[in-house]
2 protein chains.
Amino acid sequence: MSLTEVLDRIDSDLDAAVDRLMALLRIPSISTDPAYAAECDRAADWLVEDLRGLGVRAEKRATPGHPMVVGHVEGEGPHLLFYGHYDVQPVDPLELWDTPPFEPELQDTPKGRVLRGRGTSDDKGQLMTFVEACRAWKAVHGSLPCRITFFFEGEEESGSPSLVPFMKENREELTSDIALICDTGLFGHDTPAIVTMLRGMLQEEVTITGPSKDLHSGMFGGIARNPAHVLTDVLAALHDEKGAVTVPGFYDDVPELPPAIAAQWEALNFDAGKFLGEVGLKHPAGEEGRSGLEMIWSRPTAEVNGMWSGYTGEGFKTVLPSKAHAKISFRLVGDQDPHKISTAFRQFVRDRVPEDCTVDFVDGMGASPASAMSTEHPAFEAARGALSDEWPNAAAFVGCGGSIPIAGYFKSITGTDAMLIGFGRDDDQLHSPNEKYDLECFHKGIRSWARILDALT
Amino acid sequence: MSLTEVLDRIDSDLDAAVDRLMALLRIPSISTDPAYAAECDRAADWLVEDLRGLGVRAEKRATPGHPMVVGHVEGEGPHLLFYGHYDVQPVDPLELWDTPPFEPELQDTPKGRVLRGRGTSDDKGQLMTFVEACRAWKAVHGSLPCRITFFFEGEEESGSPSLVPFMKENREELTSDIALICDTGLFGHDTPAIVTMLRGMLQEEVTITGPSKDLHSGMFGGIARNPAHVLTDVLAALHDEKGAVTVPGFYDDVPELPPAIAAQWEALNFDAGKFLGEVGLKHPAGEEGRSGLEMIWSRPTAEVNGMWSGYTGEGFKTVLPSKAHAKISFRLVGDQDPHKISTAFRQFVRDRVPEDCTVDFVDGMGASPASAMSTEHPAFEAARGALSDEWPNAAAFVGCGGSIPIAGYFKSITGTDAMLIGFGRDDDQLHSPNEKYDLECFHKGIRSWARILDALT
């Protein structure tokens, strides 16, 4: 009965909830670019204000990087913690955006109404689904259903340098019965998903230096070592002809999929062609002999995320570059140790750099192991049921190709199990131009959290 | 006797000549970047004014690109044409310049006094050596020694798109007994050189497209084709383990060096280690079994001049890029046909691009064949003698690794032999930060032209 009232309240308050989200989206809180530090601060202030409106004891907490937002409300029953991040990815290439990334819009599209703008789906819109569920609950009941800790981060898109130290310093305060994390997606169009398997990540930046300065390719071309050639040799050697990563020992700690999980994934009838068709591709390009879901959920990868060398402007400059750079990320699974992989990768590069070149690596670009959730905690079944009530299809336990190290940190630092539930869709264009979040996902996401709060208390 | 007076005049007027050059150097006439079109125009105006001061009928001549400057003076004896270019290379990376590139300075260095700034050596400083020689001649004699045509280009650093059409339209006007070109260097520190062999150039820009947009490497990494990987595979395949270019048919029209030239080069005692030591390198990186001078003068090359893909900013963006780009230039020799090489290269790339990717090429980036001067023209021996009188070492006929297509155009369009004489040094940092031109080269360059004018008339 009272749940129905909360759900009705969510429906009637949706327009106002969208307006609140828009205000947060207008703050360009790009965490990876120091130029936007003040905007990250503004986003944190906005969230503190909003939480205080719910009667939450919320405050902005300083870190060496961007601030955390932490809030508490007391209550009976279980102690829940909710995590989200208020920072967003950079927006380049800006010219590919159809509307300004930080002037969010509600747009009607052939696929329905969408919220368009950077952060709509990753992660401001998702973060607010939980906040809005709490707002509706409080409007109906006068208080929140149980003890809840709110924990919002501002460095998730830039490797979370302050997260582990902050969680360790505030271990007691951040310890709960279960951590709820909203930064993932539905499976397919409308199958709610609880992520129980997450890939880890290692980020490397490599610079190869040849000549002491850029050279005239006429005067020196053909005799001077070109570091761009050295870099392409190294990167080309990173995969074999079967799509496997060639770094020695890379697969040592990669487990095969347990038959039970394999069977469950089989049942999801993942259509790799359709999945790739959404982005203009046809053929899975990963390891030969692996299924599409294995490629994105349970197999490790090495991807060049950026590379640059020499003259990249308009026209032509016949320069022989002094330096060549690449940003490379590894998605890690099972027991792969990021530090062990980093050491092996750096040796792999050094082994391929000729005597006349030097190679430099940037330390601390980001390293987190993969994590697997224990689904024994009763909250998992309770949440699965609540999600199945809201959506047309039954909820499923799935994997996630993205890296959400926070889940592992809750286990390792506070001993808390984490439950990852999110409402994004594959076509949300995360990290890309024209990012969007379906209004339906925002709406049903809020309703889903209300149902989960009801089921857990 | 009168030559001595001209040389004395050059010595006494040197400071004023430097001031005039500085004024030209302050104009940022970067031809490859459309943003600087007006500055190219200003540089042309400046030269027209200066030539008129010498009694030359000079004017700025419009082209679809940057203007040409053409001037004439009548006179007895041979008809000489002098060519130089007033445009310069871009200046990035700007942070590596010790002084602003377009605020030229006269600096005292351990190696002597230098003119520092973009264009000092390539080619404004060299262009002015001839103009100043004429100025001194006129001051002493009241007129120039013979009929002279001045021909200055503003697109040399951006592939000279307007040059051939302009030369064809104005063939008669630009036909002379011999064309003098000042855009080359001394051999070693102070051996004057007349270039009789020039490499040609082919410039290609390649774009490989995979996904229709940038993707989240967590969601798509491991299953989606990464065009950066495809590009590195292609570029890594461009050379074999012996440093030879692997494009099919690339060496078909590459001649072996004539024994006479080979012997002459042998006598120059080129020290590849010392040459490379100037730029922080030790080992020749070209084709196995070729001498250093062959690598830079008589062998063709393929060099990556620029490449870029994905996120290249500060921090890390775990994006799987939609596109990967490269600018590649080929130095051509002998009878290599730029168009034939372009076709073979593009097929080489297409053969390595998987079904899920598309490849695009930019047409008209620049293509010119190699050229060899006929040294039978008596002017070559006359100039060699004049240069030998000015410098401590006897002048030599040499090759040049850079591409100066203009030399070939004079032969093919006007039927005129071209004589390439320049006074740059290997450490001038052409096309690089902190470009300089030794004051001694500027001074003795002016004196050299006065001697050559005397020898030719």
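Analysis parameters
Residues numbered from 1 in each chain as written. Chains lettered and ligands numbered in written order. Predicted model: local features only at pLDDT ≥ 70, side-chain atom pairs only at ≥ 80, totals over all residues. Heavy atoms only, no water. Helix = DSSP H or I, 4+ residues; strand = E, 2+ residues; numbered from the N terminus. Buried < 20%, exposed > 50% of the residue type's maximum accessible area, 1.4 Å probe, protein only. Contact = heavy atoms within 4.5 Å. Areas by Shrake-Rupley, 256 points an atom, 1.4 Å probe, with all protein chains shown as cover. Lys, Arg positive; Asp, Glu negative; His and termini not counted. Charge placed at Lys NZ, Arg CZ, Asp CG, Glu CD. Axes fitted to C-alpha atoms, helices over the stretch in contact; angles between N-to-C directions. Parallel < 35°, antiparallel > 145°, perpendicular 65-115°, else oblique. Nonpolar A, V, L, I, M, F, W, Y, C, P; charged D, E, K, R; others polar. Phe/Tyr/Trp six-rings, centres within 6.5 Å; stacked < 30°, edge-to-face > 60°. Pairing = 2+ DSSP bridges.

Participant: How do you make sense of the overall build of chain A when you look at a structure like this?
Facilitator: When helices and strands are counted, chain A shows 14 helices and 19 strands. Seen along its three principal axes, the alpha-carbon backbone of chain A occupies a region of about 80 × 50 × 50 Å. Here chain A, with 457 residues, has 63% of them falling under the buried criterion. A separation of at least 24 residues holds for 78% of the contacts in chain A among residues at least 6 apart in sequence. Surface summary for chain A: the accessible area is close to 16,300 Å², and the carbon and sulfur share equals 49%. For chain A, the separation between the mean place of its 41 positive charges and that of its 71 negative charges on side chains is 1 Å.

Participant: Where do I start with the packing of helix α2 (residues 14–25) of chain A against helix α3 (residues 37–52) of chain A in this structure?
Facilitator: Helix-helix packing is described using two parameters, namely the angle between the two axes and the distance between the axes. Residues and elements named next belong to chain A. Interaxial distance between α2 and α3 falls to 10 Å at its minimum, and their mutual angle equals 155°. Here α2 is positioned roughly antiparallel relative to α3, judged by the angle of their axes. Across the interface between the two elements, Arg20, Ala23 and Leu24 from α2 touch Ala43, Trp46, Leu47 and Asp50 from α3. Grouping the amino acids of the contact of α2 with α3 by side-chain chemistry returns 5 nonpolar, no polar and 2 charged.

Participant: Looking at this model, I keep getting lost on the packing of aromatic side chains. Mind explaining?
Facilitator: To describe a pair of aromatic rings, one takes the distance between the centres and the angle between the planes. Residue and element names in this part refer to chain A. Here the structure, examined in full by the defined rule, presents 42 aromatic pairs over all chains. Taking the centre distance of 4.8 Å and the plane angle of 70° together, the rings of Trp265 and Trp297 count as edge-to-face. Of the two residues, Trp265 is situated in helix α8 (residues 259–267) and Trp297 in helix α10 (residues 292–298); the sequence distance between them amounts to 32 residues. For the residue pair Trp265 and Trp297, the accessibility class agrees, reading buried in each case. Each residue in the set Phe82, Phe130, Phe150, Phe152, Trp391, Phe423 and Trp449 is aromatic and connected to the rest through ring pairs, giving one cluster.

Participant: For this particular structure, what's the right way to read the pairing of strand β13 (residues 323–332) of chain B?
Facilitator: Side-chain positions along a regular strand alternate between the two faces of the sheet. All names here are of chain B. Of all 10 residues in β13, 9 are buried, a share of seventy percent or more. When strand β11 (residues 301–310) meets β13, the two strands line up antiparallel, connected through 8 bridges. Its bridge partner being in β13, Thr301 is matched across the sheet by Arg331.

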